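Given next are the chains, with one letter for each unit.
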2 protein chains.
Amino acid sequence: MSIIDELTSALGPAKIALDTATLTAYAVDQAPVLDYQLPQAVVRAETVEDVQSTVRACAAHGVPLVARGAGTGVSGGAHASKDCIVLSLERMNRILDLNPEDETAAVEPGVINADLNAAAAVHGLMYAPDPASFKLSTIGGNVATNAGGLRCAKYGVTRDSVLALDVVLADGSLIHTGHQTFKGVAGYDLTGLFVGSEGTLGIVVGITVRLKYLPQDVHTIAAFYPDFRSAAAGVLAVGKARVQPAIMELLDSGTLAQLDEVHGSDLASRGASLLLIQTDGFGAAAEAAAIRPVLVAGGAVVTMEASAEAEQLVDLRRNSRGVEVDDEYRVGEDVAVPRSRLVDYAEALETMAATHEVKLKVVAHAGDGNLHPTFWVDRVDKTVAADAMVRLGAALDESITLALALGGTITGEHGIGQYKLRWLGLEQKEPVRELQRRIKELFDPAGILNPGKAI
Amino acid sequence: MSIIDELTSALGPAKIALDTATLTAYAVDQAPVLDYQLPQAVVRAETVEDVQSTVRACAAHGVPLVARGAGTGVSGGAHASKDCIVLSLERMNRILDLNPEDETAAVEPGVINADLNAAAAVHGLMYAPDPASFKLSTIGGNVATNAGGLRCAKYGVTRDSVLALDVVLADGSLIHTGHQTFKGVAGYDLTGLFVGSEGTLGIVVGITVRLKYLPQDVHTIAAFYPDFRSAAAGVLAVGKARVQPAIMELLDSGTLAQLDEVHGSDLASRGASLLLIQTDGFGAAAEAAAIRPVLVAGGAVVTMEASAEAEQLVDLRRNSRGVEVDDEYRVGEDVAVPRSRLVDYAEALETMAATHEVKLKVVAHAGDGNLHPTFWVDRVDKTVAADAMVRLGAALDESITLALALGGTITGEHGIGQYKLRWLGLEQKEPVRELQRRIKELFDPAGILNPGKAI
């Protein structure tokens, strides 16, 4: 029996898609595509048993299995392998339990991040990790990439909110890791091992998360600076004041121009860089008051505070994903550097763009030192495209190697996926990579789970 | 050449202790002893190379290696195995780097938790994890057990503060895991796997931690309740008010009586239970103001607020470790339950103590649902000791199984060590335990690293 017949028999035809439109739609996520491949089928699982059946069928036939949520990843973690089965978890989208006294929620992997937050908000709670894709992306996808977001510096990344997981292993068996309590140290931290493993060690089919308190008070400050360097220095100045904002986003002139273009705003005319800061909680007003003079002393024009316009700016920033998607003319990165190197790195990026004659825009989760520089060239005639590609690639490689030289990482929150594998060896030495390969072998000896990704 | 000769030759005699007094002092940590064994030598490493040489010698001779910091663990993770080498990391106590702009510190494993905090405080920073042993215990030991403490509910456990590790593996090789940045998702989370692994996967010889901002304002509230149940309910009431205290400690009448006895205070006369709450940061005063009426409405007498006496109480609580050590007449636990089950569990503990005719005192990191009940009997004549042991054991087992039945864990922060292995199978099913055994085999195929512990 073919794997398609086997899947159809086990799950029923309604959950198996074989048409070209679906196969094409599920062939890639939002990352650049290095090696385009079509899956042989898309399975839309509705239950844990569906996932187990799919894994068992793939194991029996030696067929690669690529699990995915909403496909909003930007590192190619959900790109299809040749003749793989793509396992979509979108339909497993129930919030199974939301306990306001325990301050926890148990969800299926296909629950949209924003939907969990909406359900939690009713109880004065929130799910803290907030990747820019939060209105589209799934908790399962967030777990697969250990997603970050805007408010991580204060509230932590996905890993910090995940208490327990249900995971289907490569042999189709189901295990439960972690604990329902906030703390728990029994045995090795398997939960943490699965978080961020991009579907290469097992398929996460259930997630218990800790919720945090939805802040009752929020203050927003928009600080415009004459140049990017001063704005980056502002991040350090806020740190030196020992105030922990919930959000501290750094936007350069290219980003401001783009927001203006899309939303008809006039941000670029107000300054060359914007530091957008939000404080929250019982101390929000006092924190904002402590931050403001520090920004002004650093040369900022603080044009708004706790205003509707400032809130709208945060909303613009939050929703900037989807304005454009990286393609061959536009390459985005996700490096992080130690905070003290932000200023140097920001300056060096501008030099790189000039040297390689490419355009640059940068947005940074600055509190984390996590930068998303994008290099791009205008869409050009095919005859000169090759040269543009070379220049883009050179700028990109230089931005990676400099981040590493400054003590940084090649990926702060997007994951390695397929796209960043080429740089992983620059960050992690062979013994560490070998350990990871052996862990992969231990969990997935036949190598069917998302092969060629993450490590 | 014997292993002792080999170690002496590699490290020099000054780092090797063979005398009975030292062997005895390093044979156990502060946990109950189930199987007393003496090491054949104690190695006091001063460098990474010393650790590597010791591991290599143990590997070559097939001799078990038990690493330890200050020996303040209470689960027997540092108890000696028969004829093992105990590797003390106390002398590796340098703070290698403390970068106030990056808000990170790199330390050797023997640095005392309180010493790192003192060094950080100069810069307005703190190392957040604060186990009760913080004045004695080492960062390396805290990492080995994924130590918690009083302020975890707000600031996280050890895992949440550790960014990167240097680890000597079972073959003596040295690897570096993690990242210097706050965020980083390259590859599998090996750092998280080592944290809490109690020296069974490798020997941690270097730790990079994230520091947090030392709060400038702190408010302390002491709420006395007529009974333990009301005090436990107070914890949930504060949660419902959606205020996140830095500290929320619950002390029962037995604990208050003991503090009175040791410190000459009069706590027990003020109420049968005490909920000790500390808020901190820019919102500390507003948070305290929001909490107070909630406590009063729940029947509390709030006798102190932001007073020197309240601060002193927190200090008493912080330093309650060391007043007594568990022994055969006194067994302490470290369970955690979901927050909503705190009240039920608290009541059930009192029933258990009555049923089994043993004494009980309870202190809880209540914000985490992490309880430390202690059952004990007065030191009795040998002729009746056996019966007392049976009653203690029965109460203890019942407290464990009930915590699990309520969705809890057998260890919130102390670790499994040697002492809690007997209950691990009640919490974790065989497939999860088998996965952990295979991970252990992968890292330590000869089984020399702290055998018989943690998993």
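Residue positions are given per chain, counted from 1 along the sequence in the order it is written. Whichever chain is written first becomes A and whichever ligand is written first becomes 1, with later ones labelled in order. The predicted nature of this model means local features are confined to residues of pLDDT at least 70 and side-chain atom pairs, given and counted, to a pLDDT of 80 or more, with totals for whole chains, interfaces and linings taken over all residues. Side-chain measures here rest on the full set of heavy atoms in the structure, leaving out hydrogens and waters.

Digging into the overall build of chain A
The helix and strand inventory of chain A stands at 16 helices and 18 strands. Every radius of gyration here is taken over C-alpha atoms, with the globule rule written as 2.2 Å times N^0.38, N being the number of residues. Against the 2.2 N^0.38 benchmark of 23 Å for 455 residues, chain A shows a C-alpha radius of gyration of 22 Å, consistent with a compact globule. In this scheme, a residue with accessible area under 20% of its type's maximum is buried, one over 50% is exposed, and one in between is partly exposed, where area comes from a 1.4 Å probe on protein chains only. Out of the 455 residues in chain A, the part that is buried amounts to 63%. Only heavy atoms matter for contacts: two residues are in contact if any of them lie within 4.5 Å across the pair. Intrachain contacts of chain A at a sequence separation of at least 6 include 71% that bridge at least 24 residues. Accessibility throughout is a Shrake-Rupley quantity obtained with a 1.4 Å probe, and a residue counts as covered only by protein chains that appear here. Accessible area of chain A: about 15400 Å², with a carbon and sulfur share of 53%. In chain A, which carries 38 positive and 57 negative side-chain charges, the distance between the mean positions of the two groups comes to 3 Å. Under the DSSP-based scheme used, a helix requires at least four consecutive residues in state H or I and a strand at least two consecutive residues in state E, with every element numbered from the N terminus. Here the positive residues are Lys and Arg and the negative ones are Asp and Glu; neither His nor the chain ends is included. Charge positions are represented by NZ for Lys, CZ for Arg, CG for Asp and CD for Glu.

Focus on the relation of the copies chain B and chain A
We place the copies in one frame by least squares, fitting the C-alpha atoms of every residue whose pLDDT is at least 70 in both. Superposition record for chain B on chain A: RMSD 0.0 Å, screw rotation 180°, translation along axis 0.0 Å. Read as a symmetry element, the transformation amounts to a two-fold axis. Taking the C-alpha atom as reference, chain B places glycine 283 of chain B closest to the rotation axis, 1.8 Å from it. Taken as a fraction of all interface residues of chain B, those also at the interface in chain A reach 100%, which identifies the copy contact as same-surface.

Concerning a nonpolar patch on the surface
Think of a patch as exposed residues, more than 30% relative accessible area, with no salt bridge, where like charges cluster within 9 Å and nonpolar side chains (Val, Leu, Ile, Met, Phe, Trp, Tyr) cluster within 5 Å. Here, a salt bridge means any side-chain nitrogen of Lys or Arg that lies within 4 Å of a carboxyl oxygen of Asp or Glu. A surface patch of nonpolar side chains, about 250 Å² in accessible area, is lined by Val33, Tyr36 and Leu38 of chain A. With respect to the helices, strands and loops of the structure, leucine 38 of chain A is situated in the loop between helix H2 (20–25) and strand S2 (41–44).

Looking at the interface of chain B and chain A
Listed as interface residues are 81 residues of chain B and, on the opposing side, 81 residues of chain A. Accessible area that two parts lose when put together, with a 1.4 Å probe and added across both, is what the buried area reports. Both faces considered, chain B and chain A share a buried interface measuring about 6600 Å² in area, 61% of it formed by carbon and sulfur atoms. On the chain B side of the interface with chain A, the three residues burying the most area are Lys183, Tyr188 and Arg242 of chain B, jointly 16% of the side's total. Across the pair arginine 242 of chain B and glutamate 103 of chain A runs a salt bridge whose closest N-O atoms are separated by 3.8 Å. In the analysis that follows, any N or O atom pair within 3.5 Å is treated as a polar contact, provided that within protein one partner can donate a hydrogen and the other can accept it, and provided that, for residues neighboring in sequence, both atoms belong to side chains. The tally of links from chain B across to chain A stands at 32 residue pairs in polar contact (both at pLDDT 80 or more). Here the side of chain B that touches chain A takes nine residues from helix H16 (residues 430–443) of chain B, the largest share from any one element. Gly counts as polar in this scheme, as do all residues outside two lists: the nonpolar Ala, Val, Leu, Ile, Met, Phe, Trp, Tyr, Cys and Pro, and the charged Asp, Glu, Lys and Arg. In the side of chain B that touches chain A, the residues fall into 33 nonpolar, 32 polar and 16 charged.

Observations regarding the packing of aromatic side chains
Residue and element names in this part refer to chain A. Each Phe, Tyr or Trp ring, with Trp reduced to its six-membered ring, pairs with another whose centre is within 6.5 Å; inter-plane angles below 30 degrees give stacked pairs, above 60 give edge-to-face pairs, and intermediate values give tilted ones. Evaluation of the coordinates by the stated rule reveals four aromatic pairs over all chains. An angle of 90° between the planes, with centres 5.9 Å apart, marks the rings of tyrosine 419 and tryptophan 423 as edge-to-face. With relative accessibility at 5%, the residue tyrosine 419 sits in the buried group. Geometrically, a charge over a ring is one whose NZ (Lys) or CZ (Arg) sits within 6 Å of the ring centre while staying within 35 degrees of the ring normal. Here the guanidinium or amino end of arginine 422 rests over the ring plane of tyrosine 419, the centre of that ring lying 4.5 Å away.

Here we look at unusual backbone geometry
For alanine 454 of chain A, which is not glycine, the phi torsion reads 75° and is therefore positive. A residue is classified by how much of its surface remains accessible, and alanine 454 of chain A, at 1% relative accessible area, is buried. A positive phi angle is found at asparagine 146 of chain B, which is not glycine, with a value near 50°. Given the relative accessible area of 12%, asparagine 146 of chain B is considered buried.

Considering the pairing of S2 of chain A
Residue and element names in this part refer to chain A. Burial along S2 is two-sided: the residues Ala41 and Val43 and Val42 and Arg44 are all buried. As defined by bridge partners, strand S1 (residues 16–17) adjoins S2 across two bridges and the pair is classed as antiparallel. Bridge assignment links alanine 17 to a residue of S2, and that residue is valine 42. Pairing of S2 with strand S4 (residues 85–88) involves four bridges; the strand directions are parallel. Directly across from valine 43, in S4, lies its bridge partner leucine 87. In short, DSSP must find at least two bridges between two strands for them to pair.

Structural notes on the packing of helix H9 (residues 228–240) of chain A against helix H13 (residues 342–355) of chain A
Packed helices, taken two at a time, are described by their axes: the angle between them and the distance between them. All names here are of chain A. Remark: H9 packs on H13, axes separated minimally by 8 Å, with the N-to-C direction vectors making an angle of 160°. With respect to each other, H9 and H13 are oriented roughly antiparallel. Of the two elements, H9 crosses H13, and the hand of that crossing is right-handed. Within the contact between the two elements, H9 uses Phe228, Arg229, Ala232, Ala233, Val235 and Leu236 and H13 uses Leu342, Val343, Asp344, Ala346, Glu347 and Glu350. Split by residue class, the contact of H9 with H13 holds eight nonpolar, no polar and four charged. Inter-axis angles, ranging from 0 to 180 degrees, are taken between N-to-C directions of lines fitted to C-alpha atoms, where helices are fitted over the stretch in contact. By definition in this entry, angles of less than 35 degrees are roughly parallel, angles greater than 145 are roughly antiparallel, angles of 65 to 115 are roughly perpendicular, and the rest are oblique. Handedness of a crossing follows from how the near helix is turned relative to the far one, being left-handed for an anticlockwise turn of less than a right angle and right-handed for a clockwise one.

Some details on the nonpolar core
A general trend in soluble globular proteins is that nonpolar side chains are found buried together. Of all hydrophobic cores here, the largest spans 66 residues; its most connected members are Ile439 and Phe443 of chain A together with Ile439 and Phe443 of chain B. When neighbours within four sequence positions are excluded, isoleucine 439 of chain B is seen to be in contact with Tyr188, Leu190, Leu193, Leu442 and Phe443 of chain A together with Leu193 and Leu201 of chain B. For our purposes a nonpolar core is just a set of buried Ala, Val, Leu, Ile, Met, Phe, Trp, Tyr and Cys residues, chained together by side-chain atoms within 4.5 Å.

Comments concerning the sheet that holds strand S1 (residues 16–17) of chain B
The four strands are arranged S1-S2-S4-S3 (chain B) in an open sheet whose pairing can be described as mixed. Two strands bound the open sheet, and with one partner strand each, they are S1 and strand S3 (65–68) of chain B.

A closer look at the domain arrangement of chain A
All names here are of chain A. If you check the domain split of chain A, you get domain 1 (3–88), domain 2 (95–213), domain 3 (218–318) and domain 4 (330–423). For each domain, the first and last residues come from an automatic or database assignment. Spacing between the C-alpha centres of domain 2 and domain 4 amounts to 29 Å. In this complex, domain 2 contributes nine residues to the contact, which on the side of domain 4 involves eight residues. Buried area between domain 2 and domain 4, both sides added, is near 540 Å², and the carbon and sulfur share of it is 43%. On inspection of domain 2 and its partner domain 4, the count reaches zero salt bridges.

Some words on the packing of helix H1 (residues 3–11) of chain A against helix H3 (residues 48–61) of chain A
Residue and element names in this part refer to chain A. For the pair H1 and H3, interaxial distance at closest approach is 10 Å and the crossing angle is 160°. By the angle between their directions, the pair H1 and H3 is classed as roughly antiparallel. Crossing geometry of H1 relative to H3 is assigned as right-handed. Only Asp50, Ser53, Thr54, Ala57, Cys58 and His61 of H3 make contact with H1, whose side of the interface consists of Ile3, Glu6, Leu7, Ala10 and Leu11.

Things to note about helix H16 (residues 430–443) of chain A
Along an α-helix, residues three or four apart share an orientation, since each turn contains 3.6 residues. What a helix should span is 1.5 Å times the count of its residues minus one. Here H16 of chain A is 14 residues long and its end C-alpha atoms lie 20 Å apart, about the 20 Å a rise of 1.5 Å per residue gives. The set of residues buried in H16 of chain A consists of Val432, Arg433, Leu435, Gln436, Ile439, Lys440, Leu442 and Phe443 of chain A. Where H16 of chain A is buried, its residues contact helix H8 (190–194) and helix H15 (421–427) of chain A together with strand S9 (174–178), helix H8 (190–194) and H16 of chain B.

Notes on the UniProt feature "domain: FAD-binding PCMH-type" (unreviewed entry) in chain A
Here the UniProt-annotated "domain: FAD-binding PCMH-type" (unreviewed entry) positions come out as residues 35–214 of chain A. Along residues 35–214 of chain A one finds 24% helix and 25% strand; the C-alpha atoms at either end are 43 Å apart. UniProt positions are given in the numbering used here, feature names are shortened, and annotations may be inferred rather than shown by experiment.

A few points about the environment of arginine 151 of chain A
Residues and elements named next belong to chain A. Looking at where arginine 151 falls in the secondary structure, it is placed in the loop between helix H5 (139–145) and helix H6 (152–155). Taking the relative accessible area as the measure of exposure, arginine 151 reaches 15% and is therefore buried. Here the alpha-carbon distance between arginine 151 and glutamate 287, two residues 136 residues apart in the chain, equals 15 Å. Every residue in contact with arginine 151, bar those within four places of it in the chain, is listed here: Asn117, Met126, Tyr127, Ala128, Asp130, Gly156, Ala246, Ile247 and Arg318. Side-chain polar atoms of arginine 151 contact the backbone oxygen of tyrosine 127, separated by 3.2 Å.

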